[in-house]
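Structural overview
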Protein chains: 2
Amino acid sequence: MTCTPTHLASQIQEHGFRLTRQRLAILNILYDSGGHLTPTEVFQRLHVLLPGVTEPTVYRNLDFLRQHGFIHATSTPSGRLEYQIVTHSHHHLTCKICGATIEFEDEHLQPLFARLEEMTGYHLSEHHVTFMGFCPQCKSKGE
Amino acid sequence: MTCTPTHLASQIQEHGFRLTRQRLAILNILYDSGGHLTPTEVFQRLHVLLPGVTEPTVYRNLDFLRQHGFIHATSTPSGRLEYQIVTHSHHHLTCKICGATIEFEDEHLQPLFARLEEMTGYHLSEHHVTFMGFCPQCKSKGE
DNA sequence: GTCCTTATTGTAACTTGTTGCAATAAGAAA
DNA sequence: TTTCTTATTGCAACAAGTTACAATAAGGAC
Ligand SMILES: [Mn+2]
Ligand SMILES: [Mn+2]
Ligand SMILES: [Zn+2]
Ligand SMILES: [Zn+2]
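Just so it is clear, the model here is predicted, and its values are computed rather than measured.

Digging into the overall build of chain A
Of regular secondary structure, chain A possesses five helices and six strands. Taken from the N to the C terminus, the helices and strands of chain A come in the order α-α-α-α-β-β-β-β-α-β-β. Relative to its full complement of 143 residues, chain A shows a buried share of 44%. Residue pairs at least 24 apart in sequence account for 51% of intrachain contacts in chain A once pairs closer than 6 positions are excluded. Summing over all exposed atoms, chain A offers an accessible surface of approximately 7,400 Å²; the carbon and sulfur share of this is 50%.

Some remarks on the coordination of the manganese ion (ligand 1)
All names here are of chain A. Around the manganese ion (ligand 1), the protein supplies His 36 (NE2), Gln 84 (OE1), His 90 (NE2), His 92 (NE2) and His 128 (NE2) as donor atoms, at distances of 2.1 to 2.3 Å. On the primary sequence, the residues serving as donors to the manganese ion (ligand 1) are separated as H-x47-Q-x5-H-x1-H-x35-H. Taken as a pair, His 90 and His 92 share a single burial class, namely buried.

Some details on the protein's contact with DNA strand C
Around DNA strand C, 23 residues are found, and the nearest of them are Leu 19 and Tyr 59 of chain A together with Arg 23, Thr 57 and Arg 60 of chain B. Looking at DNA strand C alone, sugar and phosphate atoms form 68% of those within 4 Å of the protein. Taking Leu 19 of chain A, its main chain carries an N or O atom lying 2.6 Å from a phosphate oxygen of DNA strand C. In this structure, a sugar or linking oxygen belonging to DNA strand C sits 3.0 Å away from a side-chain N or O atom of Gln 22 of chain B. Of all elements in the fold, only helix H3 (39–49) and helix H4 (55–67) of chain A together with helix H2 (21–33) and helix H4 (55–67) of chain B reach the threshold of two or more residues within the surface near DNA strand C. Residue contributions to the surface near DNA strand C peak at four residues, all from H4 of chain B.

Reading the values: rules and limits
- Residues numbered from 1 in each chain as written.
- Chains lettered and ligands numbered in written order.
- Predicted model: local features only at pLDDT ≥ 70, side-chain atom pairs only at ≥ 80, totals over all residues.
- Heavy atoms only, no water.
- Helix = DSSP H or I, 4+ residues; strand = E, 2+ residues; numbered from the N terminus.
- Buried < 20%, exposed > 50% of the residue type's maximum accessible area, 1.4 Å probe, protein only.
- Contact = heavy atoms within 4.5 Å.
- Areas by Shrake-Rupley, 256 points an atom, 1.4 Å probe, with all protein chains shown as cover.
- Donors = N, O, S within 2.8 Å, 3.2 Å for Na, K, Ca; no water.
- Near = heavy atom within 4 Å.
- Polar contact = N/O pair within 3.5 Å; in protein donor to acceptor, adjacent residues only side chain to side chain.

Printed below as a string of structure tokens:
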């Protein structure tokens, strides 16, 4: 799976979507960051590259790219979205107290997904889930 | 597990927190609804009961009640939070296309949680997770 | 009941996210 | 290259959510 901005850009065009300067810049920003970015963080960096750009363009493009599978979103504990170019399928475990986040491989979720699909008839499409808990350091402090 | 507003109210006081009219009214609203409510929905209903109440009070109390385990929150696909008084431990499966949501019992998630806890040293505290996918009706239409 | 302490509230200003619509520019066609 | 179509953008106004701080009221002591 190649997930460079260049590769994603041609995917976008192959699907018949327009490759705007804004869209390409957002892909570059996400790629360079390597991790998760909030829409505000994307906007701040994008504003440097393309001074005229506005917030609605950022929100609309992040949602557009996510809807078509070019990037992934995950919910934070506070109910916001963060975006990322996912190169290896993974999920997250975040400490409710200190925020420490670790990743775990998608394969660990597959048995559960298989069972849920069998039970419910749904097709599970989630590839970037965040679970909440307490890290080893904070475990003693609270429930 | 008794989860009536009256019972939750005494729990709040037993923990040394103050039982304000606003706090009690929010519990009643969530209890009467029976399902998930957004902060805005809670505010609209609360405003009828206690005309002077403001949005920050709603957001602060929903977060307060959640933090101390009196109510539960779950993330929607659009990255917002919804709140509920959870009487039986359950999770959700939501269709990305039509929004159809079904519940499944907590016990199905326990084997995964046990394995993650063992692998990572984290203590998983999540009791109200929403997974995304495609319902049987919408399954054919998109990935 | 009155008094006291301070957790909780309302206010005002702010940040973050969304929507309708006219102006623009991506990409196809000539 | 120039022209054409329309997806995408910027703009303006709005909705949702957060914060600092002074005013209020919950609940314990008397
Ligand atoms: Mn990730
Ligand atoms: Mn629920
Ligand atoms: Zn921690
Ligand atoms: Zn559906």
